[in-house]
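# Architecture at a glance
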Amino acid sequence: GYVIMFAGCPILWGSKLQSLVALSTTEAEYIALLTALREVIAIKNLMDELKSRGFNIRHPTPHIKCRVFEDNKSCIEIATHHKTRPRTKHLSVR
C-alpha cells in the first residue's frame, strides 16, 4: 500500500491485491512501487499545472519533492540501477 502526503496531510492512499502474478517478492515489491509512483507523478504534474496557472499553493517548501520508502533491497537495486539481468528482464515487458 501507499500514502501520498502533502503539507503533512494524506491526500491519496491505496492498498489492494495485485492483479498481476509476480514470480518473486522482488517483482511484487517493484510492481507496488511502480503503482505508487504513477500516482505521485500524476499529482506532481497537477501541482505543476496549478502553479503555472497562477494558483497560489501555500506551503513552506517552494518546490515539490518526493520521498519514497521501500524496504526490499533487491527492489531498490532494480529501481535505482536500470540494468537488465537474466532474472529481471521480464519486468520491462510488463
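None of these values were measured; they are calculated from a predicted model.

### Some words on the pattern of salt bridges
A full pass over the atoms with the stated rule returns two salt bridges. Here Asp-48 ties to Lys-44 by a salt bridge, and the two come within 3.4 Å at their closest N and O atoms. Placement of the pair is Asp-48 and Lys-44 together in helix α1 (residues 25-52), with a separation of four residues, close to one helical turn. Taking the relative accessible area as the measure of exposure, Asp-48 reaches 33% and is therefore partly exposed. For Lys-44, a relative accessible area of 36% translates into the label partly exposed. Glu-49 serves as the salt-bridge partner of Arg-53, at 3.1 Å between the closest nitrogen and oxygen. In this structure Arg-53 comes out as exposed when scored by relative accessible area, which is 67%. Taking the relative accessible area as the measure of exposure, Glu-49 reaches 38% and is therefore partly exposed.

The rules behind these values
- Residues numbered from 1 in each chain as written.
- Predicted model: local features only at pLDDT ≥ 70, side-chain atom pairs only at ≥ 80, totals over all residues.
- Heavy atoms only, no water.
- Salt bridge = Lys/Arg side-chain N within 4 Å of Asp/Glu carboxyl O.
- Helix = DSSP H or I, 4+ residues; strand = E, 2+ residues; numbered from the N terminus.
- Buried < 20%, exposed > 50% of the residue type's maximum accessible area, 1.4 Å probe, protein only.

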